[in-house]
Each structure stands twice: as C-alpha cells, then as structure tokens.
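# Secondary and tertiary structure notes
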Amino acid sequence: MEKKKLAKDLKHILKIEFDIDQSLINNNTNLLSTGILDSHNLMEFIILIEKKYKIKINPMKISLDKLVSVNGIIYCINKLKK
C-alpha cells in the first residue's frame with residue numbers, strides 16, 4: 001500500500017477516534033513516549049488498524065517499537081498485507 005495514503009489514513013484515525021491534533025504528529029513521532037497516546041489508547045488504535053486493514057498484529061512477532069509511530073505501523077501493515 002502507498003505510504004503517503006497510509007500515513008494520511010492513520011493520522012485521520014488518530015484525529016477522529018482520539019481527538020489528536022495532526023500538527024503534533026509526524027511519521028516518526030513516538031506516540032507512546034510523547035504522551036500522545038497512553039498504552040490503553042495505543043491498544044485501541046492497533047485494534048482499529050487491524051479491523052480497517054483486515055490484518056492481525058501478533059505482538060509476539062512484531063516488536064513494540066514498530067507499533068508506536070506512523071512509519072512503524074505502515075511497515076507492519078505492508079509486511080502483513082503481503
């Protein structure tokens with residue numbers, strides 16, 4: 001999937017579902033360490049991503065550092081959609 005479109009879609013989900021100001025986020029922003037999302041919201045975000053993209057993210061096979069930024073999540077989506 002195209003990285004630019006995925007980034008736009010993921011930021012849109014953050015805005016709509018979690019009321020996150022998109023100007024606070026670039027593709028490398030760590031959503032957890034910056035406090036943009038707490039651990040509970042991060043899990044909710046991952047569940048929304050799984051449903052939207054029809055994938056299953058196995059936390060035992062994908063490291064947490066891949067799930068805390070837009071770029072990392074894009075990497076996971078593209079890897080799982082292959």
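As shown above, the structure is provided for reference.
Before going into details, it helps to say that this report is about the structure given with it. As the structure is a prediction and not an experimental result, all values here were calculated from the model.

## Some thoughts on the overall build of the protein
Scanning the protein from N- to C-terminus turns up three helices and zero strands. Beginning at the N terminus, the succession of helices and strands in the protein can be written as α-α-α. For the protein, buried positions account for 40% of its 82 residues. For the protein, the share of sequence-separated contacts (at least 6 apart) that also reach a separation of at least 24 residues comes to 56%. In the structure as shown, the protein presents an accessible area of about 5400 Å², 54% of it carried by carbon and sulfur atoms.

## Regarding helix α3 (residues 70-81)
When the terminal C-alpha atoms of α3 are compared, their 16 Å separation across twelve residues agrees well with the 16 Å that a helix rising 1.5 Å per residue should span. Those residues of α3 hidden inside the fold are in contact with α1 (3-18) and α2 (39-53).

## Describing the packing of α1 against α3
As a packed pair, α1 and α3 sit with axes 10 Å apart at the nearest point and diverge in direction by 120°. Note on packing geometry: the crossing formed by α1 with α3 is right-handed. Two secondary-structure elements touch here, α1 through Lys-3, Leu-6, Ala-7, Leu-10 and Lys-11 and α3 through Val-70, Asn-71, Ile-73, Ile-74, Ile-77 and Asn-78. Here the residues of the contact of α1 with α3 sort into seven nonpolar, two polar and two charged.

What counts as what
Residues numbered from 1 in each chain as written. Predicted model: local features only at pLDDT ≥ 70, side-chain atom pairs only at ≥ 80, totals over all residues. Heavy atoms only, no water. Helix = DSSP H or I, 4+ residues; strand = E, 2+ residues; numbered from the N terminus. Buried < 20%, exposed > 50% of the residue type's maximum accessible area, 1.4 Å probe, protein only. Contact = heavy atoms within 4.5 Å. Areas by Shrake-Rupley, 256 points an atom, 1.4 Å probe, with all protein chains shown as cover. Expected span 1.5 Å × (residues − 1). Axes fitted to C-alpha atoms, helices over the stretch in contact; angles between N-to-C directions. Left-handed = near helix turned anticlockwise from the far one by under 90°. Nonpolar A, V, L, I, M, F, W, Y, C, P; charged D, E, K, R; others polar.

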